[in-house]
Each structure stands twice: as C-alpha cells, then as structure tokens.
2 protein chains.
Amino acid sequence: MLTGAEVDQTAGLLTLRERGAFTLFGTEATLSALADNPIFSVLSADVVMRKAIRPGVCFALPGAIEAELFLVPGKAPLYLEGDNPDLAAETEANVGIELRAAGARLVFIPGAAKLTKSIAERLREADAVLFDGTLFDDDEMLAAGTGVKTGRRMGHMPVGGPDGALTALAGLARRRILIHINNTNPILIEGSPQRRAVEAAGFEVAEDGMRIEL
Amino acid sequence: MLTGAEVDQTAGLLTLRERGAFTLFGTEATLSALADNPIFSVLSADVVMRKAIRPGVCFALPGAIEAELFLVPGKAPLYLEGDNPDLAAETEANVGIELRAAGARLVFIPGAAKLTKSIAERLREADAVLFDGTLFDDDEMLAAGTGVKTGRRMGHMPVGGPDGALTALAGLARRRILIHINNTNPILIEGSPQRRAVEAAGFEVAEDGMRIEL
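What counts and what doesn't
- Residues numbered from 1 in each chain as written.
- Chains lettered and ligands numbered in written order.
- Predicted model: local features only at pLDDT ≥ 70, side-chain atom pairs only at ≥ 80, totals over all residues.
- Heavy atoms only, no water.
- Pairing = 2+ DSSP bridges.
- Helix = DSSP H or I, 4+ residues; strand = E, 2+ residues; numbered from the N terminus.
- Axes fitted to C-alpha atoms, helices over the stretch in contact; angles between N-to-C directions.
- Buried < 20%, exposed > 50% of the residue type's maximum accessible area, 1.4 Å probe, protein only.
- Right-handed = clockwise from strand over helix to strand, strands pointing away.

*Asks:* Tell me about the sheet that holds strand β6 (residues 104–109) of chain A, and name the residues and values.
*Replies:* Hydrogen bonds between backbone atoms are what pair the strands of a sheet, whose relative direction is either parallel or antiparallel. Residues and elements named next belong to chain A. Reading across from one edge, β3-β4-β5-β6-β7-β8-β9 is the order of the seven strands in this open sheet, with mixed pairing throughout. Edge positions in the open sheet fall to β3 (59–61) and β9 (203–205), since each of these has one partner strand only. With direction set aside, neighbouring strand axes in the sheet form an average angle of 25°. The pairing of β6 with strand β7 (residues 128–132) spans four bridges and is classified as parallel. Bridge pairing in β7 places Phe108 opposite Leu130.

*Asks:* Before we move on, could you go through the pairing of strand β8 (residues 175–179) of chain B and cite the residues and values that matter?
*Replies:* All names here are of chain B. Across the five residues of β8, five count as buried, placing the element largely inside the fold. The two faces of β8 match: Arg175, Ile177 and Ile179 on one face and Arg176 and Leu178 on the other face are all buried. As paired elements, strand β7 (residues 128–132) and β8 share five bridges and run parallel to each other. In the strand pairing of β8, Phe131 is matched with Leu178. Both β8 and strand β9 (residues 203–205) contribute to a ladder of three bridges, which runs parallel. Residue pairing across strands places Arg176 opposite Phe203, the latter belonging to β9. Crossover connection from β8 via helix α6 (residues 193–200) to parallel β9: handedness right-handed.

Right under this line is the structure:
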C-alpha cells in the first residue's frame, strides 16, 4: 500500500523485485508515477498486480481489514515536483489511509502539509493515528545546516509551534503516534525539551519494531 | 563508482540522498541512464558531482589509488533493455574496474557474459579479481522454480561448466573471489558439491564484511 510516490515510499519496492507475488495498492496518480518510471518495471507485471484505489471508496485488505484512502494536503514527489510545486494541494498524489478491523480504527498519515477539518473529523473517533512528525521546527534543517528547505517547503507541517501537530491534533484520537521523523528532529533524543513537550501533550514517538494493539 | 546502471548497482544511491557531498564516477552511458531517470535527481547536483570516465583512461581516486575502467561483455540494465537486448555486447553500459595502489592490483568485475582475451590478459598479473558469481549453473533459476531466465539471458556467465568462470579464470590472478552471488547459487552453502568445486579450483566465496589485504 503506497500513500504516495515519494522516494521514501517507493525505493523499497526495488528490493522486492525477486518475483515474489504481491499486490500494490495506491491511487491512480501514485501508480502512474511508478508506471512512468522504467526502473519500477523490475516489479514484473505478471507477478506484481497493481490495483488503483479511489479515495473515499472502501476496499478490503487481507485479514478482514476494511481500508479507505483519503486526500491529505501535500505535494508531488520531490523528483516530479517541477519548478513551482503546490505545497499543500489536496490531490491523489498524497493520501492517508484509514484501517478498520474488529471495531478498531487506525489512521496513517505519514505526510501532511496541514490538518484539514475533514481529517480532524476523521481522527476524532480513531483509536490511533500515526502522524507526520518530520520536523519539530519548520526551519530546523536550515538551523542545523543539514538542508536548505523548510518543512513546509517539503510539504510537512511542523510538530511544534502554534500551527504544529501537537496543537492541531490535541484531543483527537485515543493514541497519537509520531512517525516519519527526520534525523534532525530533537524529539528523537530522549529527555530533550521537544521530546518532553511531545510526551506532555500525550503523543508517542514511534520506534523501529513498534507493535500497536488496539 | 558505478560499473553499470542496473538496479542492484544504483538503487542504493536513493539512500544517499541526504545532501552528503560525494562524487559519482561512471561511464557516460551509466551516468546518462541516471540522468534520464527523474528519481535520481534526488541526488542534488549541487552536492553530488557526476564525473564521466572513459574506459581505458586512467584516473585518480582518493587514497593514491589509480583506477581504470574497461569494457566487459554484458547487457543494458533490465529496465532499459528493450525487446531484443544484446546479451554480450561490449559497450560502456557494463564495465569492470582495475584499482592500483602501492604496487598492488585489484580487478572488480561484478557482471560478465564472457571472459574476453583482453580481460584474461588484464587478470593474468592481478593480485586479486572479484568476479561475477551470479549462478553456478546457467539454468539454475529455472530448475529451482525461482525464475524464468537463464544466467546468460541476464548477461552472466555461469560459475561451473565448460564455459564457466572456474575454467575461464583458471590460473589467472593470485586471488580469485566470487561476488554478486544469487540466492539460488549452491556455492553459498558450505560443504555443497559446488562449493567444494569452487574451493578445489582455488576460488573464494565473498561474504559480507570481507576485508581483502594485498
């Protein structure tokens, strides 16, 4: 299941090219981005099915899971964005996914330029949300000297600050778990002021191998 | 240093996209294949230099290493090969590299459809050669039911058999080390007849973390 065609979402496909059979789900826009790039043809069409999913239309995943994609403000993948990308467009290029099984609901939003009312509404009754935690401060990469872009330029709202995720998601979903965390983000450092702020706001920081039971 | 633009040679570049500065060496053909694919633009041109190297022309690498690329029979990358690929063309799409430092010489040939006289000549006085060990038997993947192609169809000569690497490289280079070994290749199994044949012929099987001192 792909929520977009950005490199961090698709590069791993290249290690799945050993003719193992699986189905690749994504929006038409995401699957088109893959189809347009010859390198992804190494996932041979006779073993890897592509299935285009329309946002807002429920579909079934193995394990009696009901799933639904929904639009999230964001931008096209870096390598396809062109000269003047729309940084917070609601298009099929960037989506979130809601999973429902046995009465539990989990929402996965790895990249969000902002939280719309519609998404906030969706999160209100969710048991868990995994949410874009790329940067704590919008200008964190510039301050660290590791990059020339702000988070917003990359289509990510910050975690902190008045427009950040801690504020926007306050009171939404039973568990709020930050994912997609950049290596400059101080919430990765246990005991840092930013990590403490995240924990005080009732958010969790995801880690490798994390299991979530709802 | 890229010896071709096949996925196993280039996919790792996508994990080097964190704006770390480095220089990417390869033939014009290899660098063009990258330039033609938008996904590799994530290696920003202002930090990652591309340097085209002409086969047969010596050039310097850091650490007082002298290097030289040379043509090796092979084919274009799978995702660029088209309908009727030449499987043993000598073009800039597939090269080997020779490294020379402090009087020692190492030759790296991860993919070879056959061993030409010119390459054999180059290996004669080498201290070590790292050589294409993809499959032991040409039809090994078909026999194992893991693939529909022979090794030769993929541009790789087998390790065993009358036209294989053990025979072709006999007596060449002081150390002969097999690399680029497919997961169907029984030389990976210690004690297998094929592994014993490799060892009896004076070849080594490469392993992760291997250090080679010349």
